[in-house]
Amino acid sequence: MTVLFLCRQNAGRSQMAQAFFERLAPAHRAVSGGSSPAAAVHPAVVDVMREIGIDLSGRKPAKVDAEMLARADLVISMGCDDPAVCEYPGRKVEDWGIEDPSGKPVEDVRRIRDLLRDRVAELARRLEAGSPSGIARS
């Protein structure tokens, strides 16, 4: 199964979610993208992920495209604040409604990181149980 994690800049939430999914659900594939990718992953995000042993320093934000969507079995948005991230004809996008860590104090970025870790762990458990449906959150 391929899971596509989306956010506006692909520089924070979706990068963290992809990294957690790669660790917690190694039998599946994760990709991430954004509607308006940043030049680099947010430094605070790199720092808080490094604190828990995950290195995002080599990751590059990517623009979501039709090929990514076509290959994804499940599409999860970090927050539907941008129609380009959540409205794809014929494709259900699940919205986790997680706030953007950009420009936030490091304590908030850590809280967002931990929330994402919990959400991705729940997703991994559901996939392991064979039930990708019913995981949408608002």
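Right above here is the structure, for reference.
Residues numbered from 1 in each chain as written. Predicted model: local features only at pLDDT ≥ 70, side-chain atom pairs only at ≥ 80, totals over all residues. Heavy atoms only, no water.

What about the packing of helix α2 (residues 43–50) against helix α5 (residues 106–128)?
Logical step 1: Direction vectors running N to C along α2 and α5 enclose 60 degrees, while the axes themselves pass 10 Å from each other. Taken as axis vectors, α2 and α5 run oblique relative to one another. Crossing angle aside, the handedness with which α2 passes α5 is right-handed. For the pair formed by α2 and α5, the contact residues are A44, V45, V48 and M49 on the first element and V106, V109, R110 and R113 on the second.
Logical step 2: Looking at the contact of α2 with α5 residue by residue, the class counts come to 6 nonpolar, no polar and 2 charged. (Axes fitted to C-alpha atoms, helices over the stretch in contact; angles between N-to-C directions. Helix = DSSP H or I, 4+ residues; strand = E, 2+ residues; numbered from the N terminus. Parallel < 35°, antiparallel > 145°, perpendicular 65-115°, else oblique. Left-handed = near helix turned anticlockwise from the far one by under 90°. Contact = heavy atoms within 4.5 Å. Nonpolar A, V, L, I, M, F, W, Y, C, P; charged D, E, K, R; others polar.)

Re unusual backbone geometry
Logical step 1: Backbone geometry places N10, a non-glycine residue, at a positive phi of 50 degrees.
Logical step 2: Note that N10 resides in the loop between β1 (2–7) and α1 (13–24).
Logical step 3: Overall, the relative accessible area of 0% leaves N10 in the buried class. (Buried < 20%, exposed > 50% of the residue type's maximum accessible area, 1.4 Å probe, protein only.)

Focus: α1
Every α-helix carries 3.6 residues per turn, so stepping three or four residues along brings you back to the same face.
Logical step 1: The first and last C-alpha atoms of α1 sit 16 Å apart over 12 residues, in line with the 16 Å expected at 1.5 Å per residue.
Logical step 2: By the criterion of burial, α1 is predominantly enclosed, with 9 of the 12 residues buried.
Logical step 3: Among the residues making up α1, those that are buried are R13, S14, Q15, M16, A17, Q18, A19, F20 and F21.
Logical step 4: Packed against the buried residues of α1 are β1, β2 (29–34), α2 and α5. (Expected span 1.5 Å × (residues − 1).)

A closer look at the environment of R117
Logical step 1: With respect to the element layout, R117 can be found in helix α5.
Logical step 2: Counting along the chain gives 100 residues from R117 to A17, while the straight-line C-alpha distance between them is 7.1 Å.

Description of the packing of α1 against α5
Logical step 1: As a packed pair, α1 and α5 sit with axes 9 Å apart at the nearest point and diverge in direction by 45 degrees. Relative to α5, the element α1 is oriented oblique. The handedness of the crossing between α1 and α5 comes out as right-handed. Seen from α1, the contacting residues are R13, M16, A17, F20, F21 and L24; seen from α5, they are I112, R113, L116, R117, V120, A121, L123, A124 and L127.
Logical step 2: Among the residues making up the contact of α1 with α5, the classes are represented as 12 nonpolar, no polar and 3 charged.

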